[in-house]
Amino acid sequence: MHIRFAAPNDLEGCLHLDSAFDTRRVWQLDLREGREQVAVHLRIVALPRELRLDYPTPDDALLMHWQRGYCILVAESLSGAGILGYVDVGPEPDMQAGWLWHLIVDRSQRRRGAGSLLLRAAMQWCSDNQLRRLLAPMQTQNDTGIRFLQRHGFAFCGFNDRYYRTGSVALFFGRELR
C-alpha cells in the first residue's frame, strides 16, 4: 500500500468508497443546565443488535477542500486495485491545529492498516506545516471510529450538540503532535 497526495482525478474515486460503518455501541450525551452549573455526562450504551450506519459523505466538501489546498491523501493499492481510502485535513493556523475532516477506508479494506497509515501521514503533514495538534469531530454513533482515534492517542476534548445537519451530536477528539 502506498500513501500519496491526491490528484484531481482521485476525488471521484474517494467519493465512491463504501464508507458505512457498523456499531454495537453509541455514546450518549446527558446535558443538564441549571442556574449555577452545567453538568455533562457521556456514557457508552450497548445496542441490542449491531447497526450499520452511513457515514455523512462529504459530497462537494471534498472538492471545496481540494480547491482550498487542504491536505488530501489517498491510500493506493500497490496491485493497481485503486484507492483504498483517504484522509482530508484542513489547517487552522490561528489555532496551530489541523482538523481531520474525513478519514475513510473502504469497508472491504478495513483492518489492514490503511487507516493507521493515512492518520500517521496526516499527522506528519500537520507537523511539517507547524500545526501543534490535530482535532477530529466524530458522530456519537461511530464508536468504532472513536476507538480508532483513542488507540492513536486522541482524547475527548469537547462536543457540539447541534453540529451535524441530521441533528446528531459531534464529539471532538484531539491529539498533541510532536
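So, here is what we can say about the structure in this document. (Residues numbered from 1 in each chain as written. Predicted model: local features only at pLDDT ≥ 70, side-chain atom pairs only at ≥ 80, totals over all residues. Heavy atoms only, no water.)

## What to know about the sheet that holds strand β1 (residues 2-5)
Next up, step 1: Taken in spatial order, the 7 strands of this open sheet run β1-β4-β5-β6-β7-β9-β8, and their pairing is mixed. In this open sheet, the two strands that pair with only one neighbour each are β1 and β8 (155-160). Across the sheet, the axes of successive neighbouring strands diverge by a mean angle of 25°, strand direction being ignored.
Next up, step 2: Pairing between β1 and strand β4 (residues 71-76): 4 bridges, direction antiparallel. Paired with Phe-5 across the bridge in β4 is Leu-73.
Next up, step 3: Taken strand by strand, helix α4 (residues 143-151) contacts β6 (97-105), β7 (133-139) and β9 (170-176), and its axis lies near 160° from that of β7. (Pairing = 2+ DSSP bridges. Helix = DSSP H or I, 4+ residues; strand = E, 2+ residues; numbered from the N terminus. Axes fitted to C-alpha atoms, helices over the stretch in contact; angles between N-to-C directions. Contact = heavy atoms within 4.5 Å.)

## Describing the side chain of Asn-142
Next up, step 1: Within the secondary structure layout, Asn-142 lies in the loop between β7 and α4.
Next up, step 2: On the basis of relative accessibility, which here comes to 9%, the residue Asn-142 falls in the buried class.
Next up, step 3: A polar side-chain atom of Asn-142 sits 2.8 Å from the main-chain amide nitrogen of Gly-145. (Buried < 20%, exposed > 50% of the residue type's maximum accessible area, 1.4 Å probe, protein only. Polar contact = N/O pair within 3.5 Å; in protein donor to acceptor, adjacent residues only side chain to side chain.)

## Looking at unusual backbone geometry
Next up, step 1: Backbone geometry places Arg-111, a non-glycine residue, at a positive phi of 65°.
Next up, step 2: Along the polypeptide, Arg-111 turns up in the loop between β6 and α3 (114-128).
Next up, step 3: Given a relative accessible area of 81%, Arg-111 falls into the exposed group.

## Things to note about helix α2 (residues 60-67)
Next up, step 1: By the burial criterion, the buried members of α2 are Ala-61, Leu-62 and His-65. Along the long axis of α2, the arc covered by the buried residues comes to 100°, so they all point the same way. Away from its buried face, by an angle of more than 90 degrees, α2 presents the exposed residues Asp-60 and Gln-67.
Next up, step 2: Packed against the buried residues of α2 are α1 (11-15), β4, β5 (83-92) and β6.
Next up, step 3: Of the residues one or two after α2, Gly-69 is the one with positive phi, at around 85°. (Arc of directions from axis to C-beta.)

## Quick look at the pattern of salt bridges
Next up, step 1: Counted according to the given criterion, the structure contains 10 salt bridges.
Next up, step 2: Of the charged contacts in the structure, one is a salt bridge between Arg-4 and Asp-10, with a shortest N-O distance of 2.7 Å.
Next up, step 3: Given the relative accessible area of 21%, Arg-4 is considered partly exposed. (Salt bridge = Lys/Arg side-chain N within 4 Å of Asp/Glu carboxyl O.)

## What to know about the nonpolar core
Next up, step 1: In this structure, Val-87, Val-89, Leu-119, Leu-134, Leu-149 and Phe-173 are the most contacted members of the largest nonpolar core, which totals 29 residues.
Next up, step 2: The leading source of residues in this core is α3, at 7 residues.
Next up, step 3: If sequence neighbours within four positions are ignored, Phe-173 has contacts with Trp-27, Leu-134, Leu-135, Ala-136, Met-138, Ile-146, Leu-149, Gln-150, Phe-154, Ala-155, Phe-156 and Cys-157.
Next up, step 4: Judged by nonpolar contacts, the second largest core, of 12 residues, contains Leu-11, Phe-21, Leu-62 and Tyr-86. (Core = buried A, V, L, I, M, F, W, Y, C linked by side-chain atoms within 4.5 Å.)

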